[in-house]
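Reading the structure
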Amino acid sequence: MTVSPKAIFPPRKRRPSAGAFIPPNFADQKLVQSLLLLSQEISSIQPFQFLLRRTSLSIIRKTKLLSILFEELLRNPILIFSPTLLCFEEMYILLQRIRTLIEDCSNGSNMWLLMQIDSVANGFHELTVELSTLLDIFPLNEVDLSEDVQELVVLIRRQCSLVKPDLDPGDSSLRREVLTMLDRIKREIVPDQPKLAEIFQRVGLQTAARCTEEIDSLEEEVQNQGDEKSKSEVIALIGLVRYAKCVLYGASGPDSESQRSTSKDMTAEAATNIPPDFRCPISLDLMRDPVVVATGQTYDRESIALWIESGHNTCPKTGQNLAHTSLIPNRALKNLISMWCREQKIPFELTETSHKSNGVSIPNKAAVEATRMTVSFLVNQLSGSQSTEAANGVVYELRALAKTNSDSRGFIAEAGAIPLLVRYLGSDVGSELPNLQVNAVTTILNLSILEANKTNVMETDGALNGIIEVLRSGATWEAKGNAAATIFSLSGVHSYRKRLGRKNRVIKGLVDLAQLGPNSSKRDALVAILTLASDRDTVGRLIEAGVVEIVAGVLDSLPEEAVTILEVVVKKGGLAAIAAVYNKIKKLAVLLREGSETSRESAAATLVTICRKGGSEMVAELAAMPGIERIIWELMGSGTVRARRKAATLLRILRRWAAGLDPSPILERPNTTVSGTSATTVM
């Protein structure tokens, strides 16, 4: 029985070189048995259906004939002498290479295989030539084989020796047609739809689901390519396939694609449990290029660069002023994220529609124009959609496209998609088709990553009210969480942050979500609250809405986000904030001992502010906790630079209080380190 190659071979990232295979250290009969199993495995595979069909059929057929030889040797065990053993060892390596090449062709992208068709066909030919050589030196007369099997070996040898490099003319023609189509797209000529359909039928991309799989394969291929030119060529193919998928097979949501796992939108922790340390605190998305800022916090390069370029000189997470704006790559974290993405089958590198030459970004014209054509087609479809089901498919495609790169986000907004998306934010849509509401608000979220689109969203009639309505009464927690994430994204602009902070519906919606939602949605709400809290006027509204109680309630489940908010609130909220936090002092003290590095730092900073502004009563509450001085000493020895500094200040406050002195005049020293049992100051 023949089976599909994909049913046999699991996906693998990159083809090993020929030198990566080593001969097995098997006994005689074990080696023959391994050769038989390997040849049977290869011969059970179906020939390729669309590309290199004749080539794959030829080498699979020859391998099947070889399996008869190994079966004969197992039925009639013989003593294998050195020349024969060496031949069999080399044949084992050769069969491994044949299997690997078939695996690569089967699991990879059809389009990229078509582009590399000459070199792949030549690879199969070289393997056939090597098989011919091995059969030439095989000591046929020294091995006790039946006459039929001997004739079979001679036949295989003759067939291998007669094989010439031969590429199917149909494959060559198809490759030229794809390259011609890409060239026409580059010149802004919309592809002829019947011709496009014919090409995709011949390549084997005959459904929307197959096109989606092809896009995933191409995105992985981007990571496999070492040079920028090849990456650019793959990106152009992604643009072509994405366009063809929408035009030929119609927009379709994930449900119509057999519930396949899609690439993850930002803040979709409900769909994939992204480790918290892998998410950018600004975008809430998986970090692709993590960098460290002056405060020691890590962000995704694109997000923090936009933050700094927008005029901010503070760390978004801690609120501290940045001593400098240098961004230091966090390569260790990037490697960990890459490994995790590989395990989860999530594309890691961003497939921007440009490549770099000498450090300068050069747009791939074909990819850019294919993206523009796709956007134009989808927006036209959306403007004419008569049913919510049809609209849902289109909005889902826009959602997926909006998270790919900045070019796509710009094109979607320029095409006028935002006003069309606003129509699907209402509660009537949420009750009729919840997925449509989720897709609409998530598309707006993804679009808002682009700085210019923030203004488009804020100035589009009904957009902000629609987002707030989803935040307050969305049909699903995912919709509410993504609405909160959109509020966070929009608040990246200072004037919008103040405007959003003045809206009681925004404050109420975020606080309710932080209290009632699942952890993924709570996190979205808390990050939005933290950003809004950087405005002093907004802090008062947050305190009135009960943010301190709500945040204290999630200290156990989301300690980093919660304690960072408390730090900002007590710093900017005055006596009302200090009074609200009084009952949470012991919880903060526990975090000093048990929290993560970041939460310990924020807890120490919060306690310093509380004790300074709240006076002796607050200090007494902290001092009453058993072992508090020891906990503070431990933080001084093992915390971050800022945590050690805050811990030293906190210790001096406690000692002044114990001596009957006013704790409030304590000033922080520039830096404190611990040596032995004494604290020393480093200037």
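Definitions and cut-offs
- Residues numbered from 1 in each chain as written.
- Predicted model: local features only at pLDDT ≥ 70, side-chain atom pairs only at ≥ 80, totals over all residues.
- Heavy atoms only, no water.
- Helix = DSSP H or I, 4+ residues; strand = E, 2+ residues; numbered from the N terminus.
- Contact = heavy atoms within 4.5 Å.
- Areas by Shrake-Rupley, 256 points an atom, 1.4 Å probe, with all protein chains shown as cover.
- Axes fitted to C-alpha atoms, helices over the stretch in contact; angles between N-to-C directions.
- Parallel < 35°, antiparallel > 145°, perpendicular 65-115°, else oblique.
- Left-handed = near helix turned anticlockwise from the far one by under 90°.
- Nonpolar A, V, L, I, M, F, W, Y, C, P; charged D, E, K, R; others polar.
- Expected span 1.5 Å × (residues − 1).
- Buried < 20%, exposed > 50% of the residue type's maximum accessible area, 1.4 Å probe, protein only.
- Pairing = 2+ DSSP bridges.
- Core = buried A, V, L, I, M, F, W, Y, C linked by side-chain atoms within 4.5 Å.
- Phe/Tyr/Trp six-rings, centres within 6.5 Å; stacked < 30°, edge-to-face > 60°.
- Polar contact = N/O pair within 3.5 Å; in protein donor to acceptor, adjacent residues only side chain to side chain.
- Salt bridge = Lys/Arg side-chain N within 4 Å of Asp/Glu carboxyl O.
- Arc of directions from axis to C-beta.
- pLDDT = per-residue confidence, 0-100.

1. Some remarks on the overall build of the chain
Counting secondary structure elements, the chain contains 34 helices and seven strands. At a minimum sequence separation of 6, the contacts of the chain that also span at least 24 residues come to 71%. Summed over its atoms, the accessible surface of the chain is roughly 29300 Å², and 51% of this surface lies on carbon and sulfur atoms.

2. A look at the packing of helix H30 (residues 585–594) against helix H31 (residues 597–614)
The N-to-C vectors of H30 and H31 enclose an angle of 140°; their axes lie 8 Å apart at closest approach. Between H30 and H31, the crossing angle belongs to the class labelled oblique. In this structure, H30 crosses over H31, and the sense of that crossing is left-handed. Of the residues in H31, those touching H30 at Ile585, Leu588, Ala589, Leu591 and Leu592 are Ser599, Arg600, Ala603, Ala604, Thr606, Leu607 and Ile610. Of the residues contributing to the contact of H30 with H31, the split by class is nine nonpolar, two polar and one charged.

3. What about helix H10 (residues 208–224)?
Each α-helix winds once per 3.6 residues, and so residues spaced three or four apart point in a common direction. Over its 17 residues, H10 runs 24 Å from end to end, which matches the ideal 24 Å to within 8%, given 1.5 Å per residue. Within H10, 12 of the 17 residues are buried, which leaves it mostly tucked inside the rest of the structure. Of the residues making up H10, those classed as buried are Ala208, Cys211, Thr212, Glu214, Ile215, Ser217, Leu218, Glu219, Glu221, Val222, Gln223 and Asn224.

4. Some remarks on the sheet that holds strand E3 (residues 328–329)
Across the sheet, which stays open at both edges, the three strands sit in the order E2-E1-E3 with antiparallel pairing between neighbours. The open sheet has two free edges, formed respectively by strand E2 (298–300) and E3, since each of these has just one partner strand. Relative to E3, strand E1 (residues 290–292) runs antiparallel, the two sharing two bridges. Opposite Val292, over in E3, you have Ile328 as the bridge partner. Along the sheet, helix H12 (residues 301–309) makes contact with E1, E2 and E3, crossing E2 at roughly 95°.

5. Considering the nonpolar core
Leu382, Leu510, Leu592, Leu622 and Ile632 are the most contacted members of the largest nonpolar core, which totals 126 residues. By size, the runner-up hydrophobic cluster in this structure holds 78 residues, among which are Leu182, Ile235, Tyr243 and Ala370.

6. Quick look at the packing of aromatic side chains
Going through the model one piece at a time under the given rule, you end up with four aromatic pairs. Plain terms: the ring middles of Phe278 and Trp340 are 6.0 Å apart, the flat faces sit at 70° to each other, and that makes the pair edge-to-face. Of this pair, Phe278 sits in the loop between helix H11 (228–249) and E1 while Trp340 sits in helix H13 (residues 331–344); the two residues are 62 residues apart in sequence, bridging distant segments of the chain. Of the two residues, Phe278 and Trp340, neither departs from the other in class, the shared state being buried.

7. Brief notes about the side chain of Lys245
Here Lys245 is to be found in helix H11. Within polar-contact distance, the side chain of Lys245 engages the side chain of Thr212 at 3.0 Å. Engagement of the side chain of Lys245 in a polar contact is seen with the side chain of Glu397, the distance being 3.1 Å.

8. Quick notes on the pattern of salt bridges
Inspection of the entire model under this criterion finds 30 salt bridges. Notably, a salt bridge pairs Arg279 with Glu561, separated by 3.7 Å at the nearest N-O pair. Highlighted residues: Arg279 in the loop between H11 and E1 and Glu561 in helix H28 (residues 559–572), separated in sequence by 282 residues. Exposure remark for Arg279: the relative accessible area of 7% places this residue in the buried category. When the shortest N-O distance is used, the salt bridge between Arg301 and Asp289 registers 2.7 Å. Residue Arg301 is found in helix H12, and its partner Asp289 is found in the loop between H11 and E1; the two are separated by 12 residues along the sequence. Residues joined in a network through salt bridges with shared partners are Glu177, Lys195, Glu198 and Arg202.

9. Considering the side chain of Thr538
Along the polypeptide, Thr538 turns up in helix H26 (residues 536–544). Under the relative-accessibility criterion, Thr538 is labelled buried at 0%. Residue contacts for Thr538: discarding those within four places in its chain leaves Gly501, Ile507 and Leu532.

10. Structural notes on H30
Among the residues of H30, Ile585, Leu588, Ala589, Leu591 and Leu592 are the ones counted as buried. Down the axis of H30, the smallest arc covering the buried residues is 155°, so these residues share one side. Where the residues of H30 are buried, they touch H28, helix H29 (574–581), H31, helix H32 (616–623), helix H33 (628–638) and helix H34 (641–658).

11. Points about the confidence of the model for the chain
Summarising the model, the chain shows a mean pLDDT of 83, and 85% of its residues fall at 70 or more. When the criterion is pLDDT under 50, residues 670–683 qualifies, and its contacts beyond four places in sequence or with other chains add up to 27 contacts.

12. As for the packing of H30 against H32
Put simply, H30 and H32 touch, their axes get as near as 9 Å, and they point 50° apart. One element, H30, and the other, H32, form an angle in the oblique class. Considering only the axes of H30 and H32, their crossing is right-handed. Residues Ile585, Lys586 and Ala589 of H30 lie in contact with H32, whose contacting residues are Met618, Glu621 and Leu622.

13. A short note on the environment of Val619
Here Val619 is to be found in helix H32. Along the backbone, Val619 and Leu654 are 35 residues apart, and their C-alpha atoms lie at a distance of 6.7 Å.

14. What to know about unusual backbone geometry
A positive phi angle is found at Leu52, which is not glycine, with a value near 55°. Relative to the assigned elements, Leu52 resides in the loop between helix H2 (28–43) and helix H3 (53–75). When its relative accessible area of 2% is taken as the criterion, Leu52 is described as buried. In the Ramachandran plot, Glu188 falls in the positive-phi region, its phi being about 65° despite a non-glycine side chain. The topology assignment puts Glu188 in the loop between helix H8 (169–186) and helix H9 (193–203).

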